[in-house]
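Structural overview for review
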Amino acid sequence: MRGAAPPAPRLLPPTAVLAATAGNGQEQNSMCSASGGGPCSSTSIFGVPVLGGSPTAAAAASPTPLSHSPSSADLASLRSMDFAQAMREVSLDASPPHGLPPCGCCRPILPPQGRQAAPAILVHADPQDVGRADDDRATAAALQRMLGAEGLLRVFGLPSAAGARRIRCRGMNHVFMVAHAGRLAKCVRPQAEHFSEAREAERLRRESPGLVADEHAVFPLAAFVCQMASPFFQTAQPYEITVFEYLDGCRSVGDLVRSFERTHQSGVLQGTAACQCFRSSGSCEHVAQLRSLVVHQVARLSARFQALHGRRHGDLKADNVLIDRRGVPRLADFLSPFCTSCDREEFIHSVASLHPAVQALHAEFDGAWHAEQQRRGAAGAGAERGAAVVEPGDAASNLRLMDALEKLSEASKGQSMFGPIPSLLSGLGLPGTSPAVAQAPSLSFAVPPPPPQLALEGSPLGAPALSPGRGRRSCAFPGCGG
């Protein structure tokens, strides 16, 4: 006797599949990328066979698809799938995302070979307390509780946190940045172990000693993985502390570009620019100084870094190029081995602006960057060891630019939003107006003396009497000249 035929596979219509996976798009895309990129090649969804490898093909092959939404059990089975391993595989892949052409103008960052352990430091309090401190005194107290005398000695070289100052930080994973005793301590909480900057710093310290000694690279003096002293403060991913030399008074290239835009307005606002020369002619020495820094020095710095160390920076933003107190540019924040963006494109995007003078620097930087890459690539790493990033006069030019923009920024704070009043009046061409008109005349008025019979002698309301000998009275409003 022939047995009953097996039940036909239950097929889901495309609308039901899309509705079910709408809340799990990130995980579904991660699984597809982990399996080789492109459309997902799994043959089942919710344990239901899908013909042709895609819901659309399954619906086309089914003559009578079911028109119902997946059950709650189906959704629970999808959400309970282990997407963590797929995410780790995607994150560990150092190749460019699927569909994007690889960068052919930068040297790749080789994935780390093995793991390098970082020294541990004992932490007695939550590091978030330092980031939430209201002022410097509270910051020092929270830092003292967190690290203790022994930890402070390892990080700052002093057993006391008195005088520590919190520095503004913008990083997504940053907890705090504190400057103390000539050092800068940055506390972060990486999302995963393979994003650890502390372990990457120790690996580079062992494998790339030239990078550690490079005067144009800000390499950590020390790096620690935080170990909580109390079991109640244990976290899935530990905090990390990296210690750098504190470059007091340094400015980033991104900060200088933003200061230039604020003090050198263009277009209809050119008459409000804080720089008098730019306000009148549309150009000034600051434009040439900024061009020397952004176009030529940054291009030489990036090309030298790649030729000397055999790798790209990986995160060459304008905020990661620092100008120290000597006027020398230095690179920072290159500790992530998984940043695969093109250095040239990353820097150009970081200085995106509507200012015509800044926009003109984009094309100039692109040409200078390619020229430097070709020249220094042909010279080889051996010739780069003695090569200079700054030419004679560049450091002094950078210092003059920093000083001028700082003074113009301070001057623009007390300036009206309409710019200097004399310049606006003279630009209108009104008769009788000139730049010499710097301030409005004081307001005063005279009151004729009252008749003697109206003088108030001892008013019941306590008002002062007006005697016939007084021809003026004081105005009650502060600042009035009357």
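Because the structure is a prediction, the values reported are computed rather than measured. (Residues numbered from 1 in each chain as written. Predicted model: local features only at pLDDT ≥ 70, side-chain atom pairs only at ≥ 80, totals over all residues. Heavy atoms only, no water.)

**As for the overall build of the protein chain**
- On a plain count of helices and strands, the protein chain comes out with 17 helices and eleven strands.
- Residues counted as buried form 37% of the 482 residues belonging to the protein chain.
- Of the roughly 26,600 Å² of accessible surface on the protein chain, a fraction of 57% belongs to carbon and sulfur atoms. (Helix = DSSP H or I, 4+ residues; strand = E, 2+ residues; numbered from the N terminus. Buried < 20%, exposed > 50% of the residue type's maximum accessible area, 1.4 Å probe, protein only. Areas by Shrake-Rupley, 256 points an atom, 1.4 Å probe, with all protein chains shown as cover.)

**Details of unusual backbone geometry**
- If you check the backbone angles, Ala181 has positive phi at about 55° while not being a glycine.
- Positive phi is not limited to glycine here, since Asp333 has a value of about 60°.
- Mapped onto the secondary structure, Asp333 falls in the loop between β11 (329–331) and α13 (343–350).
- Among the residues examined, Asp333 registers a relative accessible area of 33% and is labelled partly exposed.

**Some details on the confidence of the model for the protein chain**
- Taken residue by residue, the protein chain gives an average pLDDT of 73. The fraction at 70 or more is 59%.
- Every residue in residues 432–445 scores below 50 in pLDDT, and together they form twelve contacts with partners more than four places removed in sequence or on other chains.
- Every residue in residues 454–482 is under pLDDT 50, and counting partners more than four places away or in other chains gives 23 contacts. (pLDDT = per-residue confidence, 0-100. Contact = heavy atoms within 4.5 Å.)

**Focus on the side chain of Ser353**
- Looking at the element boundaries, Ser353 is found in the loop between α13 and α14 (356–379).
- There is a polar contact of 2.3 Å between the side chain of Ser353 and the side chain of Glu261.
- Leave out the neighbours within four places in its chain, and Ser353 touches Glu261, Val358, Gln359 and His362. (Polar contact = N/O pair within 3.5 Å; in protein donor to acceptor, adjacent residues only side chain to side chain.)

**A few points about the pattern of salt bridges**
- For the structure shown, the criterion picks out 23 salt bridges.
- Between Arg300 and Asp394 there is a salt bridge, with the nearest N and O atoms lying 2.9 Å from each other. With Arg300 in helix α12 (residues 285–309) and Asp394 in helix α16 (residues 394–413), this residue pair connects regions lying 94 residues apart in the sequence. For the pair Arg300 and Asp394, a shared accessibility class is recorded, and that class is buried.
- Among the salt bridges present, the one from Arg344 reaches Asp366, with a minimum N-O distance of 2.9 Å. Of this pair, Arg344 sits in helix α13 while Asp366 sits in helix α14, placing them 22 residues apart in sequence.
- Residue classification places Arg344 among the buried positions, given a relative accessible area of 14%. (Salt bridge = Lys/Arg side-chain N within 4 Å of Asp/Glu carboxyl O.)

**Structural notes on the packing of aromatic side chains**
- Counted according to the given criterion, the structure contains four aromatic pairs.
- The interplanar angle of 55° and the centroid separation of 5.7 Å between the aromatic rings of Phe305 and Phe334 together place this pair among those described as tilted. Separated by 29 residues along the polypeptide, Phe305 in helix α12 and Phe334 in the loop between β11 and α13 bring together distant segments of the chain.
- Using a relative accessible area of 2% as the deciding quantity, one classes Phe305 as buried.
- One aromatic cluster in this structure is built from Phe219, Phe305 and Phe334. (Phe/Tyr/Trp six-rings, centres within 6.5 Å; stacked < 30°, edge-to-face > 60°.)

**Quick notes on helix α8 (residues 197–207)**
- Among the residues of α8, those classed as buried are Glu197, Ala198, Glu200, Ala201, Glu202, Arg203 and Leu204.
- Turning to α8, the residues buried within the fold contact β6 (183–188), α9 (209–212), β7 (222–228) and β8 (240–245).
- Two to three positions downstream of the cap, the backbone nitrogen of Arg199 sits 3.1 Å from a side-chain oxygen, assigning the N-cap of α8 to Ser196.

**Comments concerning the packing of helix α10 (residues 253–263) against α16**
- Contact geometry of α10 with α16 gives a least axis separation of 10 Å together with a crossing angle of 45°. In terms of orientation, α10 and α16 fall into the oblique class. Here the hand of the crossing between α10 and α16 comes out left-handed. Listed contacts from α16 to Leu256, Ser259, Phe260 and Thr263 of α10 are Met402, Leu405, Leu408, Ser409 and Ser412. (Axes fitted to C-alpha atoms, helices over the stretch in contact; angles between N-to-C directions. Parallel < 35°, antiparallel > 145°, perpendicular 65-115°, else oblique. Left-handed = near helix turned anticlockwise from the far one by under 90°.)

**Observations regarding the pairing of β7**
- The buried fraction of β7 amounts to five of the seven residues, a majority that puts the element mostly inside the structure.
- By the bridge criterion, four bridges tie strand β3 (residues 120–123) to β7 in an arrangement that is parallel. Bridging across to β7, Ala120 finds its partner in Val225. (Pairing = 2+ DSSP bridges.)

**Thoughts on the sheet that holds β3**
- Spatial strand order, β3-β7-β8-β6-β5-β4: six strands in an open sheet with mixed pairing. What marks the edges here is a single partner per strand, and that holds for β3 and β4 (165–166).
- Strand direction decides the pairing type here: β4 and strand β5 (residues 174–180), joined by two bridges, are antiparallel. The residue of β5 that forms the bridge with Arg165 is Ala179.
- Together, β3, β4, β5, β6, β7 and β8 form the strand contacts of helix α7 (residues 136–156), whose direction differs from that of β3 by roughly 140°.
- Across the sheet, α8 is in contact with β6, β7 and β8; its angle to β7 comes to roughly 145°.

**Things to note about the nonpolar core**
- Counting residues in each nonpolar core, the largest one holds 50 residues, and the members touching the most others are Val253, Val321 and Phe347.
- Those elements that place two or more of their residues in this core are α8, β7, α10, α12, β10 (321–323), α13, α14 and α16.
- What Phe347 contacts, discounting residues up to four positions off in sequence, is Val253, Val294, Val298, Leu316, Lys317, Ala318, Val321 and Phe365.
- Counting 25 residues, the second-largest nonpolar core is a separate cluster that includes Met146, Val178, Cys187 and Cys226. (Core = buried A, V, L, I, M, F, W, Y, C linked by side-chain atoms within 4.5 Å.)

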